[in-house]
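# Coordinate inspection notes
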Amino acid sequence: MSNAKVRVRFAPSPTGPLHMGGVRTALYNYLFAKQQGGDFILRIEDTDQTRFVAGAEDYIIESLKWCGIQPDEGQGFGGDLGPYRQSERKHLYRKYADDLIENGYAYYAFDTAEDLDRVRQMAKDAGSPNWQYNHVTRNSMKNSLNLSQSEVQKRLDAGEPYVIRIKLNRNEEVKFEDIVRGWVSVNTNNMDDKVLFKSDGMPTYHLANIVDDHLMKITHVIRGEEWLPSAPLHVLLYRYLGWEDKMPQFAHLPLLLKPDGNGKLSKRDGDRLGFPVFPLEWNNPETGDVFSGYRENGYFPEAFVNMLAFLGWNPGTEQEIFSLEQLTEAFSLQKVNKAGARYDHDKTRWFNQQYLRSKTDQELGTLFKDLLSDKGLNVSQEKAEAIAALMKERAYFIMDLYKESSFFFERPSTYDEKTTRKKWNEDAKNHVVQLKGIFSQIDEFKATKIDEAFKSYLNDNELGFGKVGPGFRLAVTGKGMGPSMFEICAILGKDETIARIDLALEKLP
RNA sequence: GGCCCCUUCGUCUAUCGGCUAGGACGCCAGGUUUUCAUCCUGGAAAGAGGAGUUCGAUUCUCCUAGGGGCUGCCA
């Protein structure tokens, strides 16, 4: 398999929105494929029809697109080895299950769900919580290993429901080399005869996965650590199907953990701790639940992707800001960590701040202008750019540009209480009146000119900035803090600045 | 409970036997700033515990502890 073109797949199941852990798995697949000059494939694993959720598939596709992780082929993206939805490949799987039976690697089992429940319950009552359908227990179950040939045929002919289970040898060591974990070894005595083919005519994950990966010429299986325990089963399936020489390499990724407490990150953690766990907002039409998304919360996809890449991987250098292209270049599965990574929301915000700052004033101005127009405020590109430039150092998100600058768009209706109390007195009033007169004399109402005029007023009267500045800011913006008043006045314009001083003199005590 | 995987500052991590254990987020302090934010400087903060291998272990091995995953006709 050494010279085969790298082909990897991301194979989510459409049982709900894709959460950020899934996005990271997709990302690592993508990065690895692109770096190796290979293909990244999207396959939808919808073999469990009972868990199907409408809209989930579209959500997955839209999420990948938003992140810039474009599949080369797969559901929604075309390709020659489709269909890429397992439900549409249903007819393909049966013959492989039959092959396995024929070769003695699998068998029919007629035990009903109730039968199995009963056996498990009995085992539990007897103090063994982990009953398994395996080389010892299968001898007392209803399957083609125990039943006579004719009895089996009779049940089959009668259309009695059955499943097909893999038949594991006893006491066999199954080993494989995982790219991130090294050699992993499990004894078949600790595994069970997993169902490969369900009574509804659908394969289970285990069978479908192996068959599809083989048919789609997958070279590397990069997936979450939750699959590690079943990887030996998959190795055995490749062997029993005669495909071991073309078996893909495995890489089991560490899980994303909750920021607090124990366990893996779950969808409820977002609401509980105040951050999104999904790339895009998800509205469950049936339950009415709404889960927030990074996109809707104002995150740049580049920041989100950059953050995810660093949750479990590190280039080994001190660089932290990477574009998708740079990630593609630097990525390596060998450098993926083994231990689970706790999600850190502060760091995510920091990444977004870095990306916001890296944008030009023009880009920010455009983004800001769009946001304002959504709020029904129409401003010129020039003004949007000027405000964005002034506010960007104190923003994490585009919406911060607005939150911190709303005074540009409406005159103060209230004045900061503390500043009013401490700084607004007869002196302050006088200064503001004086400034008004001085400003009205400025022909070119630019920040530098205002600055000059203001400073010379201070000099002429032997005043410190602290005596005049706060009252001035309060009068014009209603706030006790913010960016340079000269810049603010310049953006507001002479008339507006003076009008606001008048307003303050009228409204403030 | 059984099986498998994992274990460096609070968090993400660097280190592939030589370490005064580095960086980032967050935190704290000082400076810059009329103010806030930014920015700059500095600081506190880690190798789970115990054996062994070795001239030397954070790095290798084993044990213990802790954490995680799996244990479905779910993926």
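Residues numbered from 1 in each chain as written. Chains lettered and ligands numbered in written order. Predicted model: local features only at pLDDT ≥ 70, side-chain atom pairs only at ≥ 80, totals over all residues. Heavy atoms only, no water.

## Description of the protein's contact with RNA strand B
Note the following rule: Residues are counted as near a molecule or strand when any one of their heavy atoms sits within 4 Å of it. As used in this structure description, the phrase polar contact means that two N or O atoms lie within 3.5 Å; if the pair is within protein, one of them must be able to donate a hydrogen and the other to accept it, and residues adjacent in sequence are counted only when both atoms belong to side chains. Numbering of helices and strands runs from the N terminus, with a helix taken as a DSSP run of H or I at least four residues long and a strand as a DSSP run of E at least two residues long.
Surrounding RNA strand B, one finds 62 residues, the nearest of these being Asn130, Arg181, Asn262, Glu393 and Arg394. For RNA strand B, the fraction of atoms within 4 Å of the protein that belong to sugar or phosphate moieties is 72%. Here a base oxygen of RNA strand B sits 2.7 Å away from a polar atom, N or O, in the side chain of Ser199. In the environment of RNA strand B, a sugar or linking oxygen lies 2.6 Å from a nitrogen or oxygen atom belonging to the side chain of Lys347. Among the secondary structure elements, those contributing two or more residues to the surface near RNA strand B are α4 (113-125), β5 (163-166), β7 (182-187), β14 (341-342), α11 (345-358) and α18 (465-477).

## A short note on a positive patch on the surface
Stated precisely, the cut-off is as follows: Grouping into patches uses exposed residues only, defined as over 30% relative accessible area, and leaves out salt-bridged ones; the cut-off is 9 Å for like charges and 5 Å for nonpolar side chains (Val, Leu, Ile, Met, Phe, Trp, Tyr). The Shrake-Rupley method, run with a 1.4 Å probe, gives the accessible areas here. Residue values count only the displayed protein chains as cover. For this analysis, a salt bridge means a side-chain nitrogen from Lys or Arg found within 4 Å of a carboxyl oxygen belonging to Asp or Glu. When charges are counted, Lys and Arg contribute as positive and Asp and Glu as negative, whereas His and the chain ends are disregarded. For this purpose, a charge sits on NZ of Lys, CZ of Arg, CG of Asp or CD of Glu. Burial classes follow relative accessibility: with a 1.4 Å probe on protein chains only, a residue under 20% of its type's maximum area counts as buried, one over 50% as exposed, and anything between as partly exposed.
A grouping of Lys418, Lys422, Lys423 and Lys467 is seen on the molecular surface, where their side chains present a positively charged patch. With three residues, the single largest contributor to the positive patch is helix α15 (residues 417-423). Inspection of the secondary structure assignment puts Lys423 in helix α15. What makes Lys423 partly exposed here is its relative accessible area of 39%.

## Section: the environment of Tyr415
The cut-off we apply is this: The contact criterion used throughout is that any non-hydrogen atoms of two residues lie within 4.5 Å.
Tracing the chain through its elements places Tyr415 in the loop between α14 (398-403) and α15. A C-alpha to C-alpha distance of 74 Å links Tyr415 and Val163, two positions 252 residues apart in sequence. Filtering out sequence-adjacent residues up to four positions away, Tyr415 remains in contact with Thr420, Leu474, Ala475, Gly478, Leu503, Ala504, Lys507 and Leu508.

## Thoughts on the sheet that holds β5
The strands making up a sheet associate through hydrogen bonds between their backbones, and the pairing can be parallel or antiparallel. How we decide: At least two bridges found by DSSP between two strands is the condition for calling them paired. With axes taken as lines fitted to C-alpha atoms, and helix axes fitted only over the stretch in contact, angles between N-to-C directions fall between 0 and 180 degrees.
Pairing is antiparallel in the open sheet, where three strands are placed in the order β4-β5-β8. Each edge of the open sheet carries a strand with a single partner, namely β4 (106-109) and β8 (195-197). The mean angle between the axes of side-by-side strands here comes to 45 degrees, regardless of whether they run parallel or antiparallel.

## Remarks on the packing of helix α13 (residues 381-391) against helix α19 (residues 485-492)
Quick reminder of the rule: With respect to orientation, any angle under 35 degrees is reported as roughly parallel, any angle over 145 as roughly antiparallel, any angle of 65 to 115 as roughly perpendicular, and every other angle as oblique. The classification used treats Ala, Val, Leu, Ile, Met, Phe, Trp, Tyr, Cys and Pro as nonpolar, Asp, Glu, Lys and Arg as charged, and all other residues, Gly among them, as polar.
The N-to-C vectors of α13 and α19 enclose an angle of 170 degrees; their axes lie 11 Å apart at closest approach. In terms of axis orientation, α13 runs roughly antiparallel to α19. Between α13 and α19, the residues in contact are Lys383, Ala386, Ile387 and Leu390 and Glu487, Ile488 and Ile491, respectively. A class-by-class count of the residues in the contact of α13 with α19 yields five nonpolar, no polar and two charged.

## Regarding the pairing of strand β10 (residues 249-253)
Our working rule: Assignment of crossover handedness uses the view with strands pointing away from the viewer, where a clockwise path from the first strand over the helix to the second indicates a right-handed crossover.
Counting buried residues along β10, four of its five residues qualify, which places the element largely inside the surrounding structure. Looking at chain direction, strand β9 (residues 220-224) and β10 are connected through five bridges and run parallel. Bridging across to β10, Ile222 finds its partner in Ala251. With helix α7 (residues 231-240) bridging β9 and its parallel neighbour β10, the resulting β-α-β unit is right-handed.

## What to know about the nonpolar core
For clarity, the cut-off: Residue types Ala, Val, Leu, Ile, Met, Phe, Trp, Tyr and Cys, when buried and joined through side-chain atoms within 4.5 Å, form a set referred to as a nonpolar core.
Ranked by internal contacts, the top residues of the largest apolar core, which has 107 residues, are Met20, Leu27, Phe304, Phe368, Phe408 and Phe472. Here this core gets nine residues from one element, more than from any other, and that element is helix α1 (residues 20-35). Counting residues in hydrophobic clusters, the runner-up holds 39 residues, among them Tyr93, Phe110, Phe176 and Leu236.

## Quick notes on α19
Counting buried positions over the eight residues of α19 gives six, a clear majority of the element. Every buried residue of α19 is listed here: Met485, Phe486, Ile488, Cys489, Ile491 and Leu492. Those residues of α19 that are buried lie in contact with α13, α17 (447-460), α18 and α20 (494-507).

## Thoughts on the domain arrangement of chain A
For clarity, the threshold we go by: Bear in mind that the domain bounds are from an automatic or database domain assignment.
By domain assignment, chain A separates into domain 1 (1-75 + 254-357), domain 2 (90-197), domain 3 (359-406) and domain 4 (417-507). For domain 1 versus domain 4, the separation of C-alpha centres amounts to 49 Å.

## Thoughts on the pattern of salt bridges
Tallying each qualifying case throughout the model produces 40 salt bridges. Close ionic contact of Asp193 with Arg138 constitutes a salt bridge, the shortest N to O distance being 2.6 Å. Of this pair, Asp193 sits in the loop between β7 and β8 while Arg138 sits in the loop between α4 and α5 (149-157), placing them 55 residues apart in sequence. No difference in accessibility class separates Asp193 from Arg138, as the two residues are buried. For Lys258, the salt bridge is made with Asp269, and the minimal N-O distance between the two is 3.1 Å.

## Things to note about helix α9 (residues 301-309)
The periodicity of an α-helix, 3.6 residues per turn, causes residues three or four places apart in sequence to face the same way. With seven of nine residues buried, α9 lies mostly within the body of the structure. Looking at the buried residues of α9, the elements they touch are α1, α2 (56-67), β11 (256-257), α10 (324-330) and α11.

## Regarding the packing of aromatic side chains
Our working rule: Only centres within 6.5 Å qualify two rings of Phe, Tyr or Trp (six-membered ring in Trp) as a pair; their planes then separate them into stacked at under 30 degrees, edge-to-face at over 60, and tilted for everything else. Here, a charge over a ring means that NZ of Lys or CZ of Arg falls within 6 Å of the ring centre while also lying within 35 degrees of the ring normal.
The full count for this structure, using the stated rule, is 33 aromatic pairs. Look at Trp66 and Phe304: their rings are 5.7 Å apart centre to centre, the planes differ by 40 degrees, and that puts the pair in the tilted class. With a gap of 238 residues between them, Trp66 in helix α2 and Phe304 in helix α9 connect regions that are remote in the sequence. The burial state of Trp66 is the same as that of Phe304; both residues are buried. One cation-aromatic arrangement involves Arg155 over Phe110; the distance from NZ or CZ to the ring centre is 5.4 Å.

## Notes on unusual backbone geometry
Put simply, Gly82 and Pro83 share a cis peptide bond, and its omega is -5 degrees. Relative to the assigned elements, Pro83 resides in the loop between β3 (73-74) and α3 (90-102). Although it is not a glycine, Asn171 adopts a positive phi angle of roughly 50 degrees. Along the polypeptide, Asn171 turns up in the loop between β5 and β6 (173-178). You will see that Lys217, though not glycine, has its phi angle at about 55 degrees, which is positive. If you trace the backbone, Lys217 turns up in the loop between α6 (205-215) and β9. Of the residues examined, Lys217 reaches a relative accessible area of 54% and is grouped as exposed.

## Thoughts on the environment of Leu18
With respect to the helices and strands, Leu18 occurs in the loop between β1 (7-10) and α1. Among the residues examined, Leu18 registers a relative accessible area of 7% and is labelled buried. Considering only alpha carbons, one finds Leu18 and Leu390, 372 residues apart in sequence, at a separation of 37 Å. Leave out the neighbours within four places in its chain, and Leu18 touches Phe10, Pro12, Val23, Tyr59, Ile60, Ser63, Phe278 and Pro279.

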